[in-house]
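Secondary and tertiary structure notes
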Amino acid sequence: MFESRLIIGGRSMPATDGQCHERRAPVSEAVITRAAAAGPEEARMAADAAAAVFPEWSDSAPEIRARMLTAAAERLRECSGELAAIAAAEVGSAPDWIAFDIEIACETLRAAAALAPRIGETVVAGGRPGVACRLNRRPAGVVLGIAPWNAPVTLAVRALAAPLACGNTVVLKGSELCPKTHETVAAAVIAAGLPAGVLNFITNAPDSAEPVVEALIAHPAVRRVNFTGSTRVGRRIAALAARHLKPALLELSGKGTMIVLADADLEAAASAAVHGAFFNQGQICMSTDRIIVEDRVADAFARHLVARVQDLRADPRPGGARPLGSLISPQAVMRVRALIDDALAQGAVLLTGGEAVGTLLQPAVLDRVAPGMAIYSEECFGPVAALIRAADAEEAMTLANDSDYGLVAAVFTRDLQRAAAIARELETGIVHINGSTVYDDPAMPFGGMKASGHGRFGGDAALHEFTELQWVAVHGAPAACPSVPAVAAGQPQQP
């Protein structure tokens with residue numbers, strides 16, 4: 001059994017009242033982690049610790065922050081075996097998913113390190129004579145990062161990496177479903193040389209989440225919030241942040257959609273669909289929930305897809321060509337199975353899979369899914385690929401946009417010009433052409449439209465999310481405004 005503690009001001013500690021909560025393993029239901037259960041008092045302590053060291057960290061040279069984040073990637077890689085064992089126990093993921101999760105987390109830290117030199121001063125041309133202008137991009141303050149369980153390493157790292165690179169200090173609130181995994185991530189990053197209090201970690205019992213988050217968002221030193229999780233919870237985070245006028249970056253639920261046009265390479269599309277729908281048991285915001293296929297090739301595509309899916313089995317034990325892991329809980333299996341049953345009752349056809357035992361659900365392919373079925377519109381978050389038949393490309397695009405969500409879509413066709421035109425019409429933050437919906441590049445902006453949230457992680461977009469932009473106008477100045485040192489800027493950057 002693992003023991004998870006809080007990290008506040010550089011100190012590993014229990015909750016002040018000694019309260020703990022237990023995380024049970026998804027498959028065996030044995031207690032796998034006993035975790036310190038923070039309350040509002042510890043939340044405020046963590047924010048206080050981050051606020052106390054903010055002046056020092058925000059004044060640090062960008063190259064120092066970059067070096068520490070690069071070292072953090074190496075620390076994470078060094079403890080990858082330990083992390084994999086903990087994550088497998090706490091969330092039931094298969095080994096290939098955990099390895100992928102750790103690798104993307106390391107890339108995220110390295111990409112954040114590249115952002116650090118971008119903080120500082122830029123000389124710009126103003127629109128009026130006699131006024132010289134500078135733009136000063138500077139750290140915002142304390143950042144609250146709230147990470148989920150489904151990609152526990154990457155999403156914990158994403159919540160903290162760019163904020164730290166930008167010179168902010170951070171409070172990471174881990175998930176009660178994987179507290180030891182998230183504590184291990186935080187400890188690895190801190191071990192790269194961060195001063196005490198720059199990164200703080202807390203976790204809480206499930207019934208304490210709301211008061212803990214409210215205490216953190218209300219804290220006057222907290223200036224930014226980032227949250228990755230469900231749209232349902234994201235709405236509550238957004239309301240709390242709005243009450244205190246705190247900007248919130250929200251990466252929420254998705255309904256990943258793949259369009260397969262009649263001229264597509266059906267074998268390649270089927271392979272991408274298997275990857276997108278069943279990697280990590282479909283428990284990814286980018287998962288391929290819907291596959292919209294032109295009707296004249298739908299039967300052939302379905303045969304390709306089923307042939308590949310029949311080789312997959314849900315089995316949390318190591319071994320097998322592409323073994324799938326467990327879902328996060330028995331309740332998750334019941335919810336996904338209810339979506340399948342609802343679709344079948346309304347005329348959908350189950351081509352393969354769907355057998356459920358405990359937290360294991362065999363990968364399923366549903367054909368002839370249509371509007372009105374719950375699985376057509378609700379995020380599945382389980383191992384189900386839903387085939388929707390479209391008369392032509394125009395109807396396929398209309399069906400793709402017929403969703404409350406707008407995170408990611410994919411288009412399969414041999415006509416790249418046509419694919420680009422379709423991409424421009426799709427109401428999603430991310431579009432992949434001839435590729436899986438499950439794909440990440442930490443250097444690129446990641447986020448969605450509509451009920452999938454707002455704001456972007458990754459790349460230059462993170463600079464906007466985690467810094468303040470100040471305009472400095474010097475009146476009566478010569479045409480060229482001399483540069484002056486800016487907060488943590490080093491040398492001024494060129495526009």
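Along each chain, numbering runs from 1 in the same order as the chain's sequence is written. Where local features are concerned, this predicted model is filtered to residues with pLDDT of at least 70; where side-chain atom pairs are given and counted, the filter is 80 or more; whole-chain, interface and lining totals use all residues. In computing side-chain properties, one takes all heavy atoms of the structure into account and sets aside hydrogens as well as water.

**Observations concerning the packing of helix α5 (residues 152-165) against helix α6 (residues 179-190)**
The criterion, for reference: To get an axis, a line is fitted to the C-alpha atoms, and for a helix only the part in contact is used. The angle between two axes follows their N-to-C directions and goes from 0 to 180 degrees. Under the DSSP-based scheme used, a helix requires at least four consecutive residues in state H or I and a strand at least two consecutive residues in state E, with every element numbered from the N terminus. Crossings are classed by handedness, with left-handed meaning an anticlockwise turn of the near helix from the far one by less than a right angle and right-handed meaning a clockwise turn. For this analysis, residues touch if any pair of their heavy atoms sits within 4.5 Å. Nonpolar residues are Ala, Val, Leu, Ile, Met, Phe, Trp, Tyr, Cys and Pro. Charged residues are Asp, Glu, Lys and Arg, and all others, Gly as well, are polar.
Viewed as axis vectors pointing N to C, α5 and α6 meet at an angle of 35°, and their least axial separation amounts to 9 Å. By crossing handedness, the relation of α5 to α6 is classed as right-handed. Where α5 approaches α6, its residues Pro 152, Val 153, Ala 156, Val 157, Leu 160 and Leu 164 are matched on the opposing element by Thr 181, His 182, Val 185 and Val 189. For the contact of α5 with α6, a count of residues per class yields eight nonpolar, two polar and no charged.

**Re the packing of helix α9 (residues 266-278) against helix α10 (residues 295-309)**
The packing of two helices is summarised by the inter-axis angle and the distance between the axes. Put simply, the test is: Should an angle fall under 35 degrees it is called roughly parallel, over 145 degrees roughly antiparallel, and 65 to 115 degrees roughly perpendicular, with every other angle called oblique.
Axis separation between α9 and α10 bottoms out at 9 Å; the angle between their running directions is 55°. The angle between the axes of α9 and α10 places the two elements in the oblique class. Between α9 and α10 lies a crossing whose hand is right-handed. Packed against α9, whose contacting residues are Leu 266, Glu 267, Ala 269, Ala 270, Ser 271, Ala 273, Val 274 and Phe 278, the element α10 presents Val 297, Ala 300, Phe 301, His 304, Leu 305, Arg 308 and Val 309 at the interface.

**Focus: the packing of aromatic side chains**
Here is the rule: Aromatic rings from Phe, Tyr and Trp, with only the six-membered ring used for Trp, were paired whenever their centres fell within 6.5 Å, and each pair was classed as stacked if the ring planes differed by under 30 degrees, edge-to-face if by over 60, and tilted otherwise. The rule is simple: take the accessible area with a 1.4 Å probe, protein chains only, and divide by the maximum for that residue type; under 20% is buried, over 50% is exposed, in between is partly exposed.
A full pass over the atoms with the stated rule returns four aromatic pairs. For the pair Trp 97 and Phe 279, a centre-to-centre distance of 5.0 Å together with 90° between the ring planes defines the contact as edge-to-face. In this pair, Trp 97 is assigned in helix α4 (residues 95-115) and Phe 279 in the loop between α9 and β14 (288-294), connecting sequence segments 182 residues apart. You can call Trp 97 buried: its relative accessible area is 4%. The class of Phe 279 is buried, set by a relative accessible area of 8%. Here the aromatic rings of Trp 149 and Phe 381 are separated by 5.9 Å at their centres, their planes lie at 90°, and the arrangement is edge-to-face.

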